[in-house]
Amino acid sequence: MPLLLILLFIVVPVAELYVIIKVGELIGVWPTLALLLADALLGSWLLKHEGRGAWRRFNQALAERRFPGREVIDGALIIVGGTLLLTPGFLTDIVGVFLLLPPTRAITRRLLKRFTIGRFMVVAMPGGGRGPVGPPPRDGGRRQPRDYDFDATAEEVHDDGDSEPRLPRPDRP
């Protein structure tokens, strides 16, 4: 993890500055600044366009009672890609465009799925999911509910591999 942070906060900005300086030497300062401004404007337009599409697909999946997993991942990738495009620099712009364009975003989604499957574990709450997590209060009394405590139930959705998992019907108890 520290290596990743070093990479993100030291190596990437230095590499961005190097590329900006080299492009500035090649085409000049004003054209370089115009190019950086143009890709930021293009990035904001792409972010708006792709974000609206992802939001529409998310709502459509909910209306069809489908689990919106792909739509949520697309939305997150669009946000990251748009942020990278708005960040000044050419290297981050390349990654941002890669995450914003639908064909390359699908490749990224598949890679993320392959990378994350089997790496997460679901842990049940003590007491069968009733009450907040953690040891009981020392005075033996009842713990006060917190703003983020809520009662919820979960239902396992089986993946048959052929189609998208479906959310349960609201008429079921």
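Just above, that's the structure.
The structure reproduced in this document is the subject of the present report.

Structural notes on the nonpolar core
Formed by L46, A54, I78, L85 and L100, the largest nonpolar core amounts to five residues. Other than its neighbours up to four places away in sequence, L85 contacts D39, A40, G43, L46, D93, G96, V97 and L100.

Focus: the packing of aromatic side chains
Enumeration according to the criterion identifies one aromatic pair in this entry. Their ring planes at 25° and their centres at 5.6 Å tell us that W55 and F58 sit as a pair that is stacked. Placement of the pair is W55 and F58 together in helix α2 (residues 29-63), with a separation of three residues, close to one helical turn. By relative accessible area, which is 56% here, W55 ends up exposed.

A few points about unusual backbone geometry
The phi dihedral of R65 falls on the positive side, at around 65°, and the residue is not glycine. With respect to the element layout, R65 can be found in the loop between α2 and α3 (69-86). When its relative accessible area of 25% is taken as the criterion, R65 is described as partly exposed.

Quick word on helix α4 (residues 90-100)
Turning to α4, its buried residues number three or more, namely F90, T92, D93, G96, L99 and L100. At its buried positions, α4 is contacted by α1 (2-27), α2, α3 and α5 (102-116).

So, how was this worked out
Residues numbered from 1 in each chain as written. Predicted model: local features only at pLDDT ≥ 70, side-chain atom pairs only at ≥ 80, totals over all residues. Heavy atoms only, no water. Core = buried A, V, L, I, M, F, W, Y, C linked by side-chain atoms within 4.5 Å. Buried < 20%, exposed > 50% of the residue type's maximum accessible area, 1.4 Å probe, protein only. Contact = heavy atoms within 4.5 Å. Phe/Tyr/Trp six-rings, centres within 6.5 Å; stacked < 30°, edge-to-face > 60°. Helix = DSSP H or I, 4+ residues; strand = E, 2+ residues; numbered from the N terminus.

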